[in-house]
Amino acid sequence: MPLERLAIPNIAAYNDFLYVHFIHYLVPPAPSSRGCRHLLRGRGQTTKGGRRPAMDIPLIPDGSACFLNNVTATNGIWVSENPLGESMPRFILQLAVIIVITRTINLLLIPLHQPRFIADLLGGLLIGPSALGKTKYFLPQIFPVKTITTIETMAYLSLVYYSFVVGLRTDLSAALRTGKKSLLVVAGGVIFPISVGIGLFFMLNNHHLDDRHSHGGLFWALALSVTGFPVVTEILSDLKLLHTDIGRMALSTSIVNDLCCWVLLIILVPVRVRHQDLKQVIVSTTALLLGCMYGVRPLLSTIIRRTFKGDKYSKPYMCSFLIALALCALCSEACGVTSIVGAFIFGLIIPNGTLAAELTNKFEDFASGTMLPLFFAICGIRININSIENWGIAAAVIVISCAVKILSTMAIFFFHNMAPREGFALGVIMNTKGVLAIVVLNMGWDNEILKDQDYAIMAVAVFVMTAMVPPIMSHMYKPAKRLMDYQRRSVIEAKSEADLRILTCVYDSQQLPGLLSLLDASRASNQSSLHIFVLQLVEFKGRASAMLIVHNTRKSGGSVHRHVNSDTDQIVSAFESFELKNGNVSVQPFTAMSPFSTMHEDVCGVAENKNIAFMILPFHKQVTADGNFEETNPSFRGVVLNVLANTPCSVGMFVDRGFKGLIGGYHRSNLTVVRFLPNDNLDKFEVPVELPDGSTSRLLTASSFVERQKTLDDEYITEFRVKSADNQHLNYVEKRVDDAEGVIAELKALGDEYDLYVVGKGEGVVSPLTAALLVWCELPELGAVGDVLVSSAFCRSSVIVVQRYAGSGDVGGTLASSP
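Description of the structure in this document.

Calculation criteria
Residues numbered from 1 in each chain as written. Predicted model: local features only at pLDDT ≥ 70, side-chain atom pairs only at ≥ 80, totals over all residues. Heavy atoms only, no water. Helix = DSSP H or I, 4+ residues; strand = E, 2+ residues; numbered from the N terminus. Buried < 20%, exposed > 50% of the residue type's maximum accessible area, 1.4 Å probe, protein only. Contact = heavy atoms within 4.5 Å. Areas by Shrake-Rupley, 256 points an atom, 1.4 Å probe, with all protein chains shown as cover. Salt bridge = Lys/Arg side-chain N within 4 Å of Asp/Glu carboxyl O. Core = buried A, V, L, I, M, F, W, Y, C linked by side-chain atoms within 4.5 Å. Pairing = 2+ DSSP bridges. 1 Å grid on protein atoms, 1.4 Å probe; cavity = no way out; pocket = protein on both sides within 12 Å on 5 of 7 lines; lining within 4 Å. Points joined across faces, edges and corners; volume = space filled by probe spheres on them. Nonpolar A, V, L, I, M, F, W, Y, C, P; charged D, E, K, R; others polar. Disulfide = S-S within 2.5 Å. Arc of directions from axis to C-beta. Patch = residues over 30% accessible without salt bridge, like charges linked within 9 Å, V, L, I, M, F, W, Y side chains within 5 Å. Phe/Tyr/Trp six-rings, centres within 6.5 Å; stacked < 30°, edge-to-face > 60°. Lys NZ or Arg CZ within 6 Å of the ring centre and 35° of its normal.

### Section: the overall build of the chain
1) Next: Helix and strand counts for the chain come out as 28 helices and 16 strands.
2) Next: Here the chain, with 819 residues, has 54% of them falling under the buried criterion.
3) Next: In the chain, once contacts between residues fewer than 6 apart in sequence are set aside, the share between residues at least 24 apart is 80%.
4) Next: Carbon and sulfur atoms form 58% of the exposed surface of the chain, whose accessible area is close to 36200 Å².

### With respect to the pattern of salt bridges
Any two side chains of opposite charge can pair if their charged atoms end up close together.
1) Next: For the structure on display, the rule yields six salt bridges.
2) Next: A salt bridge links E152 to R382; the shortest N-O distance between them is 3.6 Å. Here E152 is found in helix 5 (residues 148-169), whereas its partner R382 is found in helix 14 (residues 354-382), with 230 residues between them in sequence. This pair shows no difference in class: E152 is buried, exactly as R382 is.

### Notes on the nonpolar core
1) Next: Among the nonpolar cores identified, the biggest contains 134 residues, and W220, I350 and F375 are the most heavily contacted of them.
2) Next: Looking at this core element by element, the count peaks at 14 residues for helix 14.
3) Next: Discounting chain neighbours no more than four positions away, the residues touching W220 are G197, L200, F201, L204, V397, L441, L450, D454, I457 and M458.
4) Next: Counting residues in hydrophobic clusters, the runner-up holds 50 residues, among them C505, C649, V651 and C795.

### As for the pairing of strand 1 (residues 500-506)
The two faces of the sheet receive side chains in turn, since in a regular strand these alternate between them.
1) Next: In terms of residue burial, strand 1 counts as a mostly covered element, since five of its seven residues are buried.
2) Next: Here strand 1 pairs with strand 5 (residues 614-618) via three bridges, running parallel. From the neighbouring strand, I502 faces strand 5, where its bridge partner is F614.

### Topic: empty space enclosed by the protein
1) Next: This structure, assessed with the given rule, holds four cavities of 30 Å³ or more.
2) Next: When its volume is computed, the largest cavity comes out at roughly 140 Å³.
3) Next: Along the wall of the largest cavity there are 15 residues; nearest its centre are Y162, V166, W262, V435 and L436.
4) Next: Elements with a minimum of two residues in the lining of the largest cavity: helix 5, helix 9 (229-238), helix 10 (245-273) and helix 17 (435-446).
5) Next: No other element matches the four residues that helix 5 contributes to the lining of the largest cavity.
6) Next: Classifying every residue of the lining of the largest cavity by side-chain character gives eleven nonpolar, three polar and one charged.

### Quick notes on the state of the cysteines
1) Next: If you walk through the whole model with that rule in mind, you get zero disulfides.
2) Next: With no disulfide of its own, C331 has C328 as its nearest cysteine by sulfur position, at a separation of 6.2 Å.
3) Next: Judged by its relative accessible area of 37%, C331 is partly exposed.

### Comments concerning unusual backbone geometry
1) Next: One non-glycine residue, H113, lies in the positive phi region at around 60 degrees.
2) Next: Mapped onto the elements, H113 comes out in the loop between helix 2 (87-109) and helix 3 (116-127).
3) Next: A positive phi angle, near 60 degrees, is found at E448, a position not held by glycine.
4) Next: Along the chain, the position of E448 falls in the loop between helix 17 and helix 18 (452-467).
5) Next: Overall, the relative accessible area of 28% leaves E448 in the partly exposed class.

### With respect to the environment of H213
1) Next: By secondary structure assignment, the location of H213 is in the loop between helix 7 (180-205) and helix 8 (216-225).
2) Next: Put simply, H213 and G444 are 231 residues apart on the chain and 9.2 Å apart in space, counted from C-alpha to C-alpha.
3) Next: Filtering out sequence-adjacent residues up to four positions away, H213 remains in contact with F201, E448, I449 and K451.

### Examining helix 26 (residues 740-750)
1) Next: Here helix 26 has its buried residues at A740, G742, V743, L747 and L750. When helix 26 is viewed along its axis, its buried side chains cluster within an angular range of 160 degrees and face the same direction. Across helix 26 from its buried face, at more than 90 degrees, point the exposed residues E741, K748 and A749.

### Regarding a nonpolar patch on the surface
1) Next: Residues V263, I267, L278 and I282 make up a contiguous nonpolar surface patch of about 300 Å² in total accessible area.
2) Next: For the nonpolar patch, the secondary-structure elements that each account for two or more residues are helix 10 and helix 11 (278-307).
3) Next: Considering the arrangement of structural elements, one finds I282 in helix 11.

### Regarding the packing of aromatic side chains
1) Next: Per the stated rule, a full pass over the model turns up 17 aromatic pairs.
2) Next: Ring centres 5.7 Å apart and planes at 75 degrees place the aromatic pair F117 and F376 in the edge-to-face group. With F117 in helix 3 and F376 in helix 14, this pair connects stretches of sequence that are 259 residues apart.
3) Next: You can call F117 buried: its relative accessible area is 6%.
4) Next: Overall, F376 belongs to the buried group, its relative accessible area being 1%.
5) Next: Aromatic side chains F414 and F415 sit 5.5 Å apart centroid to centroid with 75 degrees between the ring planes, which places their arrangement in the edge-to-face category. Each member of the pair, F414 as well as F415, is classed as exposed.
6) Next: Above the plane of the ring of Y477 lies R421, whose end atom (NZ or CZ) is 4.9 Å from the centre.

Here it is in structure tokens:
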């Protein structure tokens, strides 16, 4: 008997499975034994007519199978016993084989940007009868029939934990903030696939349907309407699209779509699978949801508030949540819906914060990377490509399934006069499937509503729809193409008559005075207006979906999200006042809420989407009353370093030491440009310089510095001097020094004469004049001169260190200081 014809029992029958083990210790199995598990589909696979399937377990005439399973081997190879003949050793081998196969496939698919879901599904397909299972040794030896129940039990347990993690990563606030356009896309992405799925199912099966199989169209419909937002997040993050306009819209739309499919699953399973009354199911499930939202969630918030003493939680504390998870899953089973719904709800109600992040970190890799491949192995054993009778019709079904969401989304974009290209891209992303789609198909197969061919075709369609998303999106949004416009996106290349677009990052309201004074000194004019984009950076823990909130400056705080701290109102109001008091200035405030590890993606994404020429980052330390610095949050430095490594424009790191007093003033600022040049007798040498952070930079020879950097600097300096010849507020000074000590001496002579120092920072190359300074540099991101000015006792002025966009060419070696 082929293994693909085996019916895998669902987890609800696990008690029967335990009963079988117990009854075998008491009496031999009888033909009428109630403890026997039906492992066959019941369509001709019985022992009638003298046919007995080639299995390693005894069968009784009604097609049931009974067997005795020990937990583990007692003697092992020393008494010539095969340890793999027992349950536990065999399961360990199976788990190892499954993980090795899926992880290997995942590594091979990384260059193609395929998500882990595709690797797991392809690994299960490889294990099943469509590939390795065709051999007469693989499935019978590694995955014998008697071990299937054990694998399936662990597979469904992994689904419970995975659903819990999905609930942890689902942000309901993102669903509540979804706009009208996204809601229309969700409606079209659910209604049209449901209609098409039912139609395709009846077209495929034609007139070969009985009453039970006629409900299979509902399972196809729900599988087609699913959009797996965890997989969407993974794909967008891998393609660096998560923080783009299309990425944010796709993420919020997929969350709402996923929630709708969970609701449909709650209705479908009890009514069509378990034949329960719809009213009872809705009432009991609604009671469970409300009890969790308004009973369990406030209780959890109180417990967290009273027990939280740091960023770590004790093991008993974490284990208590596992117990609560099991109870919630049990309650959902009691309500008549599957246990994964209860696990999802429990994850959904966990309050945002450190606890949610800690739970996600602890369970995500175990649930998704270790246990979940067992579920896909079970799916792969069920998928038999050979059961597809007509490949022409099957191909048509797959093509139509892939096209329905794309066409519906494009139609919505067309009627709202939006770009068809964006509609096509969003439709492609909405085709992304996930574990929930496979769960739906398994439910139909378990209850003999879906035939082998129905299951195989839709499983292949799910695979194709998800696998085509990364290549299409990477082709439409190539990183090189997206950054092509930034080849001239720096302050140096910006034309004097062009509008200047500045992105200002803010951590809290204490940084406002210095930043506003710095922006006011930019002096917008009628010929060159100033466009300021303000980005407040707020740490957001526990959810996968980062949020970018757009504020309306005319309605201060009107759109502030409940998770945003109180500083947001002050920041929005301050920049609104700045906009009103200054002509030719426009301000657009945002709030980016994400973990510190990915916060730089928000910053760089906004800079790229808004065509920013210059970005201002605040220093991660704040000045104290005595003029020294104190650490506010060490994680902010990590954000700055990540931004510097990935920035698409020029960046200025602003060290504020009380730079204020210019707002509303009408006096002109004086600018002095100080250029450091090496003496002619400087030795020529070239050595690598090891920086404090462990990296190395190439030290320029004196001749190389003179020939390359001096040529570049001469061009800019000549242009500056020509334009400033008749301007008494602009000055130019040259300083010739021999070494780093000479540089420090000249900086010390300048002292606090100026209110603001603007310092250029080289990237990847070091001048011989400052090479010795880098060895003792505490903050390499500030550069050699910037670090001296910030850390020295002779300077108490504010400093802004400018790093030119690395893609725009070599960085000059000019130091500018400005009052």
